[in-house]
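Structure at a glance
So the chains spell out like this:
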Amino acid sequence: MDHRLNDSLQELPPLMWSRPDQPAIERPGLAAPEGKLRLSANESPYSPIPAVLERMQLACTRVNRYPDITGSALRASLADRLGVGAEQIVIGSGSSELIHALVAAFGADGAEIIVPYPSFPMYTASASLTDAQVVRVPVAADGAVDLQAMADGITDATRLIFICNPNNPTGGFHSADALSEFLAQIPPRVCVALDEAYWELTDAFVNGAPDSMGLVRQYPNVIVLRTFSKFYGLAGVRMGYAVTCCASVAERLGAARMGAMPNVIALEAASACLDHFDAYMERAREAARERSRVTTAARALGYDIYPTQTNFYCFPFAPGPQPFLEAGLLVRGGDSIQFPGHVRVSFGTPEDNDRVLAVLRAHAPLQAQPAL
Ligand SMILES: *Cc1c(COP(=O)(O)O)cnc(C)c1O
């Protein structure tokens, strides 16, 4: 039957294409093996707050009905929170689905799509199902997207640029001001997708710095992608959204979803999170403090941790994920994060993070040096 499949399906990375012969550590989409703690998928370690769980339970009683496919109630709440019009927002089953829709919308006839590298593998995976050419631009030394190099990579064929900000797997981040300078150089015919899956976990967000909604207002070629998977911890129910400049772009992007529908429980869960925003904000502040504690401790052990504004951290680690696995911890490394020689570890609860630090202590680069 293989000969009937689109060839590029065979080349998709393991995230999309879970093969039983792949070691469990490379299959982030599957449940962690018995007794292992999963710090490999940048998930929240916490369940939804009780008030959100209650609303989800109520939604369960309505699953005999089809959902509101445009998610109008959720879009109205989002519009309110973001200071944009509801007609500018498109929802999707996680922002992954919207990435796929964007690539499907732009990736025809040999169009070039510029992506950072290493970065989120979904951009390349989605593009591999289209006629588009992917142009990879290495990230800057600090692990943030190299904005100037991305701008320099534009040709007549470029139709879409993904800016992963903060970047996964490195964690580096650019402010709205830096992005504005970059966007000023981009021809209006090139769509710029700002993938902000981790925005609400950045210090900038926690401290109330300007977000990218001003950029959407100023530059009609910008589309911002966000998700309920990370900050709101709803990875398992699947809800993400795109903010576009106007209703006509939103309608086109919505059409590129090809009739995919959100589910009733996900719509209700996301709305409930927005209604209880303050509780999640408190979690974000706590996560930022914990990030600082753990990265400070790891750096003190001699690890070269990339500056991170996310719920994960990344560093060179020659032994790879194996020593973590032996300690019962799943982390990502090497090709699965497009970054050979490095590992990416999600932050968990303070206890989870201490288990990681224990592994790091056992392999610490500074250990070999004589005590002072
Ligand atoms: C997690 C993640 C997403 C989206 O995840 P969904 O669960 O599909 O919303 C998008 N981009 C990046 C960079 C991510 O890390």
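For the structure, check the block above.
All of the points below concern the structure found in this document.

The rules behind the values
Residues numbered from 1 in each chain as written. Predicted model: local features only at pLDDT ≥ 70, side-chain atom pairs only at ≥ 80, totals over all residues. Heavy atoms only, no water. Buried < 20%, exposed > 50% of the residue type's maximum accessible area, 1.4 Å probe, protein only. Helix = DSSP H or I, 4+ residues; strand = E, 2+ residues; numbered from the N terminus. Pairing = 2+ DSSP bridges. Salt bridge = Lys/Arg side-chain N within 4 Å of Asp/Glu carboxyl O. Axes fitted to C-alpha atoms, helices over the stretch in contact; angles between N-to-C directions.

Along strand 5 (residues 158–164), six of the seven residues are buried, which leaves the element largely enclosed by surrounding structure. Two strands pair when backbone bridges link them, and strand 3 (residues 112–117) and strand 5 are joined in this way by three bridges, in the parallel orientation. Within strand 5, the residue paired with isoleucine 114 across the bridge is isoleucine 161. Pairing between strand 5 and strand 6 (residues 191–195): five bridges, direction parallel. Residue pairing for strand 6: cysteine 164 is matched across the bridge by aspartate 195.

Throughout the structure, instances matching the rule amount to twelve salt bridges. Across the pair glutamate 290 and arginine 293 runs a salt bridge, and its minimum N-O distance is 2.7 Å. Taken together, the residues span about one helical turn, with glutamate 290 and arginine 293 both in helix 11 (residues 277–300) at a distance of three residues. By relative accessible area, glutamate 290 is classed as buried at 9%.

With antiparallel pairing, three strands are arranged side by side in an open sheet as 9-12-11. Looking at which strands have only one partner, the edges of the open sheet turn out to be strand 9 (312–316) and strand 11 (332–334). Strand-to-strand twist across the sheet, computed as the mean angle between neighbouring axes with direction ignored, equals 20°. Where strand 9 lies against strand 12 (residues 339–346), five bridges are found, and the strand directions are antiparallel. Across the sheet, phenylalanine 312 pairs through a bridge with serine 346, a residue of strand 12.

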